[in-house]
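Listed below, chain by chain, are the residues.
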Amino acid sequence: MKTDTIAAIATALNNAGLSIVRISGDEAFEIIDKIYVSKNGKKVLSEQPSHTIHYGFIKDGEEVIDEVMVSIMKAPSTYTKEDVIEINCHGGVIVTKKILQTVIKYGARIAEPGEFTKRAFLNGRIDLSQAEAVIDIIHAKSEYALSSSLSQLKGSVLEKVKEIRDSVIYDIAYIEAALDDPEHIIIEEYTDELTAHVNNTIKNIEKLLASADNGKIIHEGIKTAIVGKPNAGKSSLLNNLVGEDRAIVTDIAGTTRDTLEETIQLRGVVLNIIDTAGIRNTEDVVEKIGVDRAKKVAVDADLVLYVIDGSRPLDKDDYEIMDLIKERKAIVLINKSDLDQVVDIDEIRKLTNKEVIVISAKNNTGIETLENTVEELFINGKLSFNDEVYITNVRHKAALEESLASVKQVLMSIETGMPEDFYTIDLMNAYGKLGEIIGEEVGEDLVNTIFQKFCMGK
Amino acid sequence: MPHVNEQYDVIVVGAGHAGCEAALASARLSLNTLIFTISMDSVALMPCNPNVGGSSKGHLVKEIDALGGEMGKNIDKTFIQSKMLNRSKGPAVHSLRAQADKADYSREMRYVLENTENLTLRQGEVTEILAEDGKVVGVKTVSGAVYNCKAVVLCTGTYLNARCVYGDVSLYTGPNGLSAATHLTDSLKSLGIEMFRFKTGTPARIDKRSIDFSKMEEQKGDEEIVPFSFTNKPEDLQREQISCWLTYTNEKTHEIIRSNLDRSPMYSGYIEGTGPRYCPSIEDKVVRFADKERHQVFIEPEGTYTNEMYIGGMSSSLPEDVQYAMYRSVPGLENAKIVRNAYAIEYDCINATQLKPSLEFKAVEGLFSGGQFNGSSGYEEAAAQGLMAGINAALKVLGKDPVILDRSEGYIGVLIDDLVTKETREPYRMMTSRAEYRLILRQDNADLRLSKIGHDIGLIDEQRYEHVVEKERQIQEEIARLEEVKIGANKEVQELLESLNSQPLKTGTTLAELIRRPELTYEAIAALDPERPELSREVIEQININIKYDGYISRQLKQVEQFKKLEKKKIPADIDYDAVNSLRNEARQKLSKIRPESVGQASRISGVSPADISVLLVYLEVLRHNNNSEE
């Protein structure tokens, strides 16, 4: 079992209350000593008694990240029976994430799904009768993490990571083939080409990293579907929401644009409007979304915005949609309040048991109420929001950063005249880390690539 | 009652590179050992390439030597050229390779076998493994003779149901026309052992007198010889060396091959065995790498007292007439006279996942195996397994625990772990890239890594072991001293650095820091270090490597620590994977089939995910607690 130091966010991620970043393992104190500063700047946490709590700040170098309370618990009287540190911060998705990132940067690794529980169990902290439950947690979380990690990765990013990996494994295979069979494959001629490849790889990873900061690597936010009958005003609503000041452009330069989303921000809450490909170009695509389409979209969504044309009587389709959203997180919007109203709001409220808001997308009325409602849902945690998304992002970013550092080390090694076999150590590390992002293991990739691409001797 | 009925402790079947090591190890551990060979004239035969070592294989030979095996000593006695490959690369990939005088190699090894106490050599074909209640009790030969024993080591190489093929010629023989072993496969199958069929190939041998060497580039050996065996001193091994020669195929060669592909048994489907991707036949190279204009051809002597030359790089199973045409299209070989044709050979081997890491069959107690029979390829891979199989067979008879090297202890560990864990579907060859901790598994430190194990087993004597302990002490002491001794930025230092094309110092530093600079070495800064003790060349080499690559080495040592934790988690032999709830089906099947000994080994089985490993860990923990409370 690995006993290196792990970290994770231990509380639900939302913009309210306190959040806790938990660290467990041999190096927990070493890490916290590097990033914690007390008010007078003199306190060293590893020297403090166990099971105490301390006020101070988390810093990354000179940058202060947050004002925190840190609980320190020394092994073995802890949840995992290892050294455990809990950083209580002010909450807020961004700050919590940043603290986790800092902890990772200074030597921890992101916990595998269910790993704290697993360690607690393996170290004898949890009753044996709960073994099955522990296994269930590990399973559930693994599957969830894998599916969320992959589903949140944008298609274009997946392609890009694969492309970088292919280039990296080719370089490794070249060097290894030459080391293995120096009389047939000459490495001395390859250094210039390798340098060019490595520079290119660095550029590509940096590009991905830059986009990670803008949340462009994964679908970060609440999967939201706007559904309703044709001409209910869905696209007007979206156009209204995607105002100049709110729009976030989702393209990563040079990659294919994702077809399935439009990201908007309401009061700091990120909504991913799904299945609205090309919505701003072809006005009527959304209008074509009929009931069948709505059903499909609504199933995938964390939040459904159901738009009703208040100036027309409800029909069979409306009742069907209302039935559909009954069991889901949804907000009903009665649109076209600028026209004469014929629908019965109370009836709709009764049928759906949802918040009903009267709006006019055309005149921009009622939108503020909608924003308040979304914020309320989010902040008060009424909406089951996917915490794993943020973790995934941190995980991806850490993996990208590590692979970048490894590839840069290759350049250093080339410059300082290190022997070629050291290049592949770092390249392999980068290859493995990039694989973590797209859920692929190294396995026999190298040996296969060597045999496939290079003609060996005898 | 059979007409012959003898009793031995350990019987080794086959006297190739695996069998010789197995038999010697067993006999040297004082067990009464019998080794069978199909022909007394083929002991330690090299039926293919005339060399030992090379990338990663050289590492294996050094490790064999450090554990008390014979291969390193034998090649040191019989080499006719020696070369350290990759000398300009990092120390982890320096690879020693020596051209052997094949006849000498074979003769010297036979001499050692014939003169080892407790060891009996016997010509004869073993046709049956005798087992009772899942336990080996002896072997039977083709004549019906029965030899009783407590353990058997199978080292049948490429001889089981062997078939040699070129063009439409197909001969049911082993390599070099030696007779094949045609009965044993059936006996093994009846013991429930799963067999694979692999193939490999060898190029033609050509009469030296028919070769025009003036059209080729000469390939000389190194001036300074590095021994394979740690028991030899370089100065004792200096001798006159024989050159190899380099030439190339060309478009014409490739055209001849392409237009005759339909006559190749490989392409007509006449050969079914799986061949190795790393040593493709020349027809494979031409087809798979069609854009390559030429391929290297190495002309290597087979020995001092023969005119036969090995045509490295052009193994083939094309018909005889095509072989003539293709070899004669190569510059320098225009008038080539072929002494032996190139051929492909098909043979039976096992799915090695049926073996424990000790190389004992899981299904048959006391039955061990090593070498090409296990699905590997190469003399060195064979010898390494043979040695371990022989050691473990002997330890079994002695009632002791087996010796298992893990992936962080040696290439031998990597080799055996790969074979018994990953289902290898082609002949397995060692490669440095297969060793994840290769910076610490260097050929130069094999003695430091493994002598203790060799000594504990009983194959390394006290004197030799003391020498290694002393070497280790000197290395550690000197490194500690170099990390301590401060050097100021004074005039003398700056001048020396300048003369060595090294940046002047800005502030004081340590001697170790200076050695870390790529352009400097321990030797280079001698003038700054009047206090240094007198040390041997081998000790200084270790000091340089350990200081220069300290960052990378300590990183790997840390990874090894993590690795060891999972290796130490043993899985009970009688575990019932059906009782482990929540394993995924694929994992359950693989684990039930391979039955790994440790959680670490389990984690390397393809199809077993990290979540499965977590589940397994939790299950083992419950098991452990329940067992404890029962006691």
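Residues numbered from 1 in each chain as written. Chains lettered and ligands numbered in written order. Predicted model: local features only at pLDDT ≥ 70, side-chain atom pairs only at ≥ 80, totals over all residues. Heavy atoms only, no water.

Participant: Got a minute to help me understand the side chain of Ser 55 of chain B in this structure?
Facilitator: Mapped onto the secondary structure, Ser 55 of chain B falls in the loop between β4 (51–53) and α2 (57–66). Reaching out from Ser 55 of chain B, the side chain makes a polar contact with the side chain of Asp 180 of chain A at a distance of 3.4 Å. Those residues in contact with Ser 55 of chain B that sit more than four places away from it in its chain are Leu 179 and Asp 180 of chain A together with Leu 85, Ser 95 and Thr 432 of chain B. (Helix = DSSP H or I, 4+ residues; strand = E, 2+ residues; numbered from the N terminus. Polar contact = N/O pair within 3.5 Å; in protein donor to acceptor, adjacent residues only side chain to side chain. Contact = heavy atoms within 4.5 Å.)

Participant: Help me understand the interface of chain A and chain B, please; the structure alone is not making it clear to me.
Facilitator: Many descriptions give the size of an interface as the accessible area lost when the pieces come together. Contacts between chain A and chain B engage 50 residues on the former and 61 residues on the latter. Counting each side, the surface lost to burial between chain A and chain B is near 4,700 Å², with a carbon and sulfur contribution of 57%. Our enumeration of links across chain A and chain B arrives at seven salt bridges. We note a salt bridge from Arg 429 of chain B to Asp 180 of chain A, for which the minimum N-O separation is 2.2 Å. In this assembly, chain A and chain B are joined by 16 residue pairs in polar contact (both at pLDDT 80 or more). Where the side of chain A that touches chain B is concerned, the elements lending two or more residues are α3 (115–122), α4 (131–152), α5 (155–180), α13 (387–415), α14 (420–438) and α15 (445–453) of chain A. (Buried area = accessible area lost by both parts, 1.4 Å probe. Salt bridge = Lys/Arg side-chain N within 4 Å of Asp/Glu carboxyl O.)

Participant: Teacher, can you tell me more about the domain arrangement of chain B here?
Facilitator: Residue and element names in this part refer to chain B. On domain assignment, one finds that chain B holds domain 1 (5–201 + 347–457), domain 2 (205–345), domain 3 (462–555) and domain 4 (569–630). For domain 1 and domain 4, the distance between their C-alpha centroids amounts to 31 Å. When domain 1 packs against domain 4, the two sides together hide about 780 Å² of surface, and 49% of this comes from carbon and sulfur. In terms of surface lost to domain 4, no three residues of domain 1 exceed Pro 357, Lys 362 and Thr 421, which account for 47% of the buried area on that side. Taken together, the connections running from domain 1 to domain 4 amount to three salt bridges. Taking the shortest distance from any N to any O, the salt bridge between Lys 593 and Glu 194 comes out at 3.9 Å. Counting across the interface, domain 1 meets domain 4 through four residue pairs in polar contact (both at pLDDT 80 or more). (Domains from an automatic or database assignment.)

Participant: I keep staring at the nonpolar core and nothing clicks. Help me out?
Facilitator: Grouped burial of nonpolar side chains is what soluble globular proteins tend to show. Residues and elements named next belong to chain B. Counting residues in hydrophobic clusters, the biggest one holds 105 residues, and the most contacted among them are Ile 11, Ile 129, Val 152 and Leu 154. For this core, the element with the highest residue contribution is helix α10 (residues 379–397), accounting for 11 residues. Composition of this core by domain shows at least three residues from each of domain 1 (5–201 + 347–457) and domain 2 (205–345). In contact with Leu 154, other than residues within four places in its own chain, are Val 13, Ile 129, Leu 184, Leu 188, Phe 361, Leu 367, Phe 368, Ser 369, Gly 370 and Phe 373. (Core = buried A, V, L, I, M, F, W, Y, C linked by side-chain atoms within 4.5 Å. Buried < 20%, exposed > 50% of the residue type's maximum accessible area, 1.4 Å probe, protein only.)

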